[in-house]
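Given next are the chains, with one letter for each unit.
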Amino acid sequence: VKKQGLIDVDGYYVGDDGTETCALHSAAFNGSNQILEFLCNGLDEHDANNDGALCDVNVRDDNGWTALHFAAGANNVKGVQIL
């Protein structure tokens, strides 16, 4: 998806509460582990439907937090394992 320029998964968006977040950080914090797996999996050269690795897992917010910080802070053990 990112390769085709359709969506910027590393982009930050300002939520209704004024906080800045990206798809990966939001998924990690909210326990959306299937989304984490999709964003973090490697590319499948034989089947584009299995593509992942759509984001940089080391991207940091304004506070210097990565998705791993968000997953750990939310006690999302499975998310920590995925990341």
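Structure's up top.
Fair warning: this is a prediction, and the values are worked out from it, not measured in the lab.

What counts, and at which threshold
Residues numbered from 1 in each chain as written. Predicted model: local features only at pLDDT ≥ 70, side-chain atom pairs only at ≥ 80, totals over all residues. Heavy atoms only, no water. Helix = DSSP H or I, 4+ residues; strand = E, 2+ residues; numbered from the N terminus. Buried < 20%, exposed > 50% of the residue type's maximum accessible area, 1.4 Å probe, protein only. Lys, Arg positive; Asp, Glu negative; His and termini not counted. Salt bridge = Lys/Arg side-chain N within 4 Å of Asp/Glu carboxyl O. Polar contact = N/O pair within 3.5 Å; in protein donor to acceptor, adjacent residues only side chain to side chain. Contact = heavy atoms within 4.5 Å. Core = buried A, V, L, I, M, F, W, Y, C linked by side-chain atoms within 4.5 Å.

**Q** Can you walk me through the side chain of Asp61 in this structure?
**A** Considering the arrangement of structural elements, one finds Asp61 in the loop between α2 (33–40) and α3 (67–73). Here Asp61 occupies a buried position and makes no salt bridge, while the nearest side chain of opposite charge, Arg60, is found at 7.4 Å. Here the side chain of Asp61 touches Trp65 through a polar contact of 2.9 Å, landing on its backbone nitrogen. Dropping the residues within four chain positions of it, Asp61 is found in contact with Tyr12, His25 and Phe70.

**Q** Please explain the nonpolar core as it appears in this structure.
**A** One broad trend across soluble globular proteins is that nonpolar side chains are buried collectively. Residues Cys22, Leu24, Ala28, Leu36, Leu39, Cys55 and Ala67 are the most contacted members of the largest nonpolar core, which totals 13 residues. Within the residue set of this core, elements represented by two or more residues are α1 (23–30), α2 and α3. In contact with Ala67, not counting residues within four places along its chain, are Leu24, His25, Ala28, Val57, Val59 and Leu83.

**Q** I'm lost on the environment of Asn76 in this one. Help?
**A** By the secondary structure assignment, Asn76 is in the loop between α3 and α4 (77–82). The class of Asn76 is buried, set by a relative accessible area of 8%. Residues contacting Asn76, with those up to four places away along its chain left out, are Ala27, Ala28, Gly31, Asn33, Leu36 and Ala71. A distance of 3.0 Å separates a polar side-chain atom of Asn76 from the backbone oxygen of Ala28. Separated by 3.0 Å, the side chains of Asn76 and Asn33 make a polar contact.

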